[in-house]
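# Report on the structure
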Amino acid sequence: MDAVERADSGHAGTAMALAPVAYVLWQRHLRYNPANPDWFGRDRFVLSAGHACMLLYAVLYLTGYDLSLDDIKQFRQWGSRTPGHSEHGLTPGVEATTGPLGQGVGNAVGMALAEAHLAQLFNRPGHTVVDHCTYFLASDGDLMEGVSHEAGSLAGHLKLGRLIGIYDDNRITIDGKTDLTFSDDTAKRFESYGWHVERVADGNDLGALDAALATARRVGDRPSLVIVRTHIAYGSPHKQDTPEAHGAPLGQEEVKLTKQRLGWPSLEPFYVPDEALAHWRIARERGARLEAEWSKKYEAYRQAFPELAAELERRLAGRLADGWDESLPTFAPPPAAPADAQATRAASGKVLNALAPRLPELVGGSADLATSTNVAFKNGGDVAAGSWGARNIHFGVREHGMGAILNGLALHRGVRPVGSTFLIFSDYMRPPIRLAALSHLPVIYVFSHDSIGLGEDGPTHQPIEQLAALRAIPNLVVIRPADATETVEAWRMAILSRNGPVALVLTRQKVPVIDRAKYAPANGLRLGGYVLTDAPRGKPAIILLASGSEVALALGAHERLAAEGIAARVVSLPSMELFARQPQEYRDAVLPPAVPARLAVEAAVPQPWYRWVGDHGAVLGIERFGASAPYQRIYEEFGLTVENVVRRAKELLRA
């Protein structure tokens, strides 16, 4: 109450209602060590109801994490470690960045899946070193959002028995009581998913909470949901069970009355009785003991299975295996290898399976599109109930859930998640992609069917604005390779990227393999953009820029312009984000300021290209939805042809 009051902003009511739940969970069930928030043997806790973050901050302070009362007094202030929704990597003890409702449920499913996967791979009889539980706390809003349905359904199907959810059934949302919009039988819904369900009729009944959580932990053959009936802003004389308690301070007078009604010993803001703090801080001793016991078990495991222990430690540290990229395929241009003209999605599948034996931490799959996206591990086995150690995760037609689960896999550590679907459906995944970028999670997305080049499926499936939308997300690297050789380098960059997500954007249609004996090597991709072929003496009259399948158009136009005595430079720009990170000197060398005539070509909305073509350049793109027809005809109708690139280049030069 005091933190929200001081900030004049926040959500006190839910935190007040859930205080007994937090007490029982942190005092009697959760395994953690405040002195070492990243101890691998800990249980994971995800606050999916991120608006109730003051509950988590209070518990972290009380149990002795590196979070002070002064930090809590700075709730929602500039530069504080207690932001308005909890953020992973900012506040010790926060396992996931939450806020958009439902995402935390999916994160918890991903963490539980990672635990099950690693347990099956690394545990040995008599040596169980991966054996923690994952808890999440969800609100009514979390369970209304569709992402929680998708994630919950998959978790039940996979029988993730070490996943325990707590549902805060306070029956209040911002607009009023939940019966305005929500009449689900939540227990039956989760039972239909294959979950075990416990009910606690009174959220202040510590004994009932304790018993329900203990039972949930004992259920090992399926996930559990504990439904707890609570009262938002419990103890507030005028705000309890009202929408006003959801997203606003109670007010100074109401805080005073609530403290008096609850029998709180002081009206002083942020008062914590010494005996209460001492009681909570016992968690430090308990946590140190739990970690020491686990470390002793792990040391015995290390002695018994040194190679397994070394591999687990490598994975948890995020270190790449020696020689991880030594077996990457090479692709030759026609006529040496005419069969190598191929879709970049096909080349991507070959690269992935060349990496797989040397990087066993790679796991993932698709939203029921593995045969299209080519994200499938050969001989990797299918993840299923009881077969969690396999590598192919069949997410089903669940892009929303897949995105959130991928984040949970990455947050857990020990695996490197890959998820795939058509580029058009990246829209379904945008919230978790954004959270991955915000949280600096090394998730790899493989998006195929990247343009009008997918052809007959028509405008509903042809991405037009999706590239621009993804490029607008800070800290997300988008790579659209031009051919098979750039696809190899795109995967190399994706694997090396550890500080944020990477999206590989790939073609459905075949594209020619660029002759690297004639043109610049594909490893220029690491710089985001590079000169693929240049004008005589490096003095172009015009620069042609392109990404993906349109690089071939730029190269074709270059040849025709050269035949007419027009000096052109072709720049492959597969990643605007990587190119923008390069020193100004390099960018000026690729795009000389003295050459204002620049024409960019891409089968998508032109918006992102104007930064690179400048005020005097032009973009040949698409500013309408696509059409249903063979892709060659669509490219012709939209003017994405070598002839039109040549014509527009000449117009630009004349201008």
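Quick summary incoming for the structure in this document. On a predicted model such as this, the values are computed, not experimentally measured, just so you know.

### Some words on helix H15 (residues 399–412)
With 14 residues, H15 extends 20 Å between its outermost C-alpha atoms, agreeing within 8% with the 20 Å of an ideal straight helix rising 1.5 Å per residue. Burial within H15 is extensive, with 13 of its 14 residues counted as buried.

### Overview of the sheet that holds strand E2 (residues 134–138)
Spatially, five strands are ordered E1-E2-E3-E7-E6 in an open sheet, and the strand pairing comes out parallel. At either margin of the open sheet sits one strand with a lone partner, and together these are strand E1 (44–47) and strand E6 (196–200). Shown here is a sheet whose adjacent strand axes are inclined to one another by a mean of 15 degrees, direction ignored. Across five bridges, E2 lies against strand E3 (residues 163–169) in parallel orientation.

### Notes on empty space enclosed by the protein
Tallied over the entire structure, the rule returns four cavities of 30 Å³ or more. Taken as a whole, the largest cavity holds about 100 Å³ of empty space. For the largest cavity, the lining is made up of 15 residues, of which Tyr32, Asp43, Tyr65, Gly93 and Glu95 are closest to its centre. Listed by contribution, the elements that provide at least two residues to the lining of the largest cavity are E1 and helix H3 (53–63). Here the residues of the lining of the largest cavity are counted per class, giving eight nonpolar, three polar and four charged.

### Remarks on unusual backbone geometry
The backbone of aspartate 241 sits at a positive phi, close to 60 degrees, despite the residue not being glycine. For aspartate 241, the position within the fold is in the loop between strand E7 (224–229) and helix H10 (252–262). Backbone geometry at asparagine 475 places phi at a positive 70 degrees, although glycine is not the residue there. Along the chain, the position of asparagine 475 falls in the loop between helix H17 (466–471) and strand E12 (477–479).

### What about the packing of helix H5 (residues 103–122) against H15?
Running from amino to carboxyl end, H5 crosses H15 at an angle of 50 degrees, the nearest separation of the two axes being 6 Å. Comparing their axes, H15 and H5 come out oblique. The two elements H5 and H15 cross, and the hand of that crossing is right-handed. Counted together, Gln103, Gly106, Asn107, Val109, Gly110, Met111, Leu113, Ala114, Glu115 and Leu118 of H5 and Ala404, Ile405, Asn407, Gly408, Leu409, Leu411 and His412 of H15 form the full contact between these two elements. Among the residues making up the contact of H5 with H15, the classes are represented as nine nonpolar, seven polar and one charged.

The rules behind each value
Residues numbered from 1 in each chain as written. Predicted model: local features only at pLDDT ≥ 70, side-chain atom pairs only at ≥ 80, totals over all residues. Heavy atoms only, no water. Helix = DSSP H or I, 4+ residues; strand = E, 2+ residues; numbered from the N terminus. Expected span 1.5 Å × (residues − 1). Buried < 20%, exposed > 50% of the residue type's maximum accessible area, 1.4 Å probe, protein only. Pairing = 2+ DSSP bridges. Axes fitted to C-alpha atoms, helices over the stretch in contact; angles between N-to-C directions. 1 Å grid on protein atoms, 1.4 Å probe; cavity = no way out; pocket = protein on both sides within 12 Å on 5 of 7 lines; lining within 4 Å. Points joined across faces, edges and corners; volume = space filled by probe spheres on them. Nonpolar A, V, L, I, M, F, W, Y, C, P; charged D, E, K, R; others polar. Parallel < 35°, antiparallel > 145°, perpendicular 65-115°, else oblique. Left-handed = near helix turned anticlockwise from the far one by under 90°. Contact = heavy atoms within 4.5 Å.

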